Amino acid sequence: MKFRQFLLSRVFSWAITILIGVTFIFFIPHMFPSDPVENMIGQITARAGQMDPVELELLRKNLRTQFGLDGSLIQQYFDFLWRGLLHFDFGPSLGSFPTPVNDIIGRNLPYTMVLSLSGTIVAWIFGNAIGLLAGFRKNARSSKILESIAICIYPIPYFIVALVFQIVFAFVLGWFPLQSNIVTNQGFGAFISSYTRGSFLPFMGLLLVGMGWQIISMKSLASTTAEEDFVLFARYRGLSEKTIGISYVLRNSILTQITALAMSLGGAFSGSIMTEIIFTYPGVGQLIQGAILGSDYNMILGCITISIVAVSTATLIVDLIYPFIDPRIRYA
């Protein structure tokens, strides 16, 4: 297969994945029983009192136009594909009208990106390092202990770990705040201090759970690779165990883990959403929770569309560079 055909097939799969994802996320919020425009009109009339019926109907029409809710559901869908998916224009937020959704996401997305990416990458590095040691020396007692710990950690959901951390380290010991109160208006030093304290427990929750699968997977790959003939031949050559472990076992075992790194970004994002809600961390998870409770269609579509595009693009990039990493795979 030529590289152009390979590239086109991967890009096509990337586009179809995004289209299916945003299609689901568009239609699901429209199944909510509440009408966001009517909710907003109810809040306005509760504050302003009785309004003229003609002005009220004009307000209702203008709000539906601004929020992209006029026309049939199919018309709204294609309008969303054009504005939201192709131009990333999600309109104003219903809960923070008239602030655009893009501005709100732009303020919160960096917090989620830093938390998710750092937690995933650090868990990948430490998990693979521990898994390599456990698999390369699989008969050692320490390897069996590490594997047992990883097996116990892996099935624990993110939110359980987050709740345990919050109860033990924040409520009982008082080492960290119960909620991530990040200060942004008292100087850079205060911001870094509050951000570090507020992000430590969410980060450790993602790190602990993310390491479980990486240890198990890498341990299995390393133990299998360590029994290959080329590793045995390297020992016959008199190479040190450190050289064999890094140059032979690690280099051949890490290839599969690189693909797993991209795939784990999606799981890390969903885990960070739950963690953000528990710790009131100012990320996209908080926005999604508030948008669902307030039937803020534009905010829901904006947050999850950007998330789908980001995760799909990360997977596409790894898929494209994988043949350059693994010399056994060729485009033709």
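Residues numbered from 1 in each chain as written. Predicted model: local features only at pLDDT ≥ 70, side-chain atom pairs only at ≥ 80, totals over all residues. Heavy atoms only, no water.

Enquirer: Which residues make up the overall build of the chain, and what values go with them?
Expert: Looking only at helices and strands, the chain features twelve helices and zero strands. Along its sequence from the N terminus, the chain presents helices and strands in the succession α-α-α-α-α-α-α-α-α-α-α-α. Here the chain holds 332 residues, and 40% of them are scored as buried. For the chain, the exposed area adds up to about 18,300 Å²; of that, 68% sits on carbon and sulfur atoms. (Helix = DSSP H or I, 4+ residues; strand = E, 2+ residues; numbered from the N terminus. Buried < 20%, exposed > 50% of the residue type's maximum accessible area, 1.4 Å probe, protein only. Areas by Shrake-Rupley, 256 points an atom, 1.4 Å probe, with all protein chains shown as cover.)

Enquirer: Lay out the nonpolar core in plain terms, naming residues and giving numbers.
Expert: Formed by 23 residues in total, the largest nonpolar core has its most connected members in Val22, Phe80, Met299 and Cys303. Elements supplying a minimum of two residues to this core: α1 (3–27), α4 (73–87), α5 (101–136), α11 (284–293) and α12 (297–325). In terms of residue count, the dominant contributor to this core is α12 (six residues). Apart from residues no more than four positions distant in its own chain, methionine 299 is found in contact with Ser93, Val101, Ile104, Ile105, Leu287 and Ala291. Judged by nonpolar contacts, the second largest core, of 14 residues, contains Leu132, Ile244, Ile258 and Ala262. (Core = buried A, V, L, I, M, F, W, Y, C linked by side-chain atoms within 4.5 Å. Contact = heavy atoms within 4.5 Å.)

Enquirer: For the environment of valine 164, give the residues involved together with the corresponding values.
Expert: Counting through the fold element by element, valine 164 comes out in helix α7 (residues 158–172). Sequence-wise, valine 164 and glycine 205 are 41 residues apart; in three dimensions their C-alpha atoms are separated by 9.2 Å.

Enquirer: Before we move on, can you summarise the environment of alanine 162 with the specific residues and values?
Expert: Position of alanine 162 relative to the elements: it lies in helix α7. Counting along the chain gives 41 residues from alanine 162 to phenylalanine 203, while the straight-line C-alpha distance between them is 9.5 Å. Once residues lying within four places of it in the same chain are set aside, the contact partners of alanine 162 are Thr275, Ile278 and Phe279.

Enquirer: I'd love a proper account of the packing of α5 against α11, names of residues and values included.
Expert: For the pair α5 and α11, the least separation of the axes is 7 Å and the interaxial angle reads 130 degrees. Relative to α11, α5 is oriented oblique. Contacts from Ile104, Ile105, Asn108, Leu109 and Thr112 in α5 reach Val284, Gly285 and Leu287 in α11. Classifying every residue of the contact of α5 with α11 by side-chain character gives five nonpolar, three polar and no charged. (Axes fitted to C-alpha atoms, helices over the stretch in contact; angles between N-to-C directions. Parallel < 35°, antiparallel > 145°, perpendicular 65-115°, else oblique. Nonpolar A, V, L, I, M, F, W, Y, C, P; charged D, E, K, R; others polar.)

Enquirer: I'd like a description of the packing of aromatic side chains, backed by residues and values.
Expert: Applying the stated criterion to the full structure yields eight aromatic pairs. Among the aromatic side chains, those forming a connected cluster through ring pairs are Phe26, Phe27, Tyr77 and Phe78. (Phe/Tyr/Trp six-rings, centres within 6.5 Å; stacked < 30°, edge-to-face > 60°.)

Enquirer: Describe the confidence of the model for the chain, with residues and values.
Expert: Residues of the chain with pLDDT of at least 70 account for 87%, and the chain-wide mean is 77. The spread of mean pLDDT over the elements of the chain runs between helix α2 (residues 36–48), the lowest at 67, and α1, the highest at 84. (pLDDT = per-residue confidence, 0-100.)

Enquirer: Please give an account of α7 that cites residues and values.
Expert: With 15 residues, α7 should reach 21 Å at 1.5 Å per residue; the first-to-last C-alpha distance of 20 Å fits that figure. When the local axis directions of α7 are compared, the greatest deviation, roughly 25 degrees, occurs at glutamine 166. Taken together, the buried positions of α7 are Val161, Ala162, Phe165, Gln166 and Ala170. After α7 finishes, the residue glycine 174 shows a positive phi value of roughly 70 degrees. (Expected span 1.5 Å × (residues − 1). Bend = angle between axes of the 7 residues up to and from the residue.)

Enquirer: For the side chain of serine 223, give the residues involved together with the corresponding values.
Expert: Mapped onto the secondary structure, serine 223 falls in helix α8 (residues 188–225). Beyond its immediate sequence surroundings of up to four residues, serine 223 is in contact with Gly135 and Lys138.

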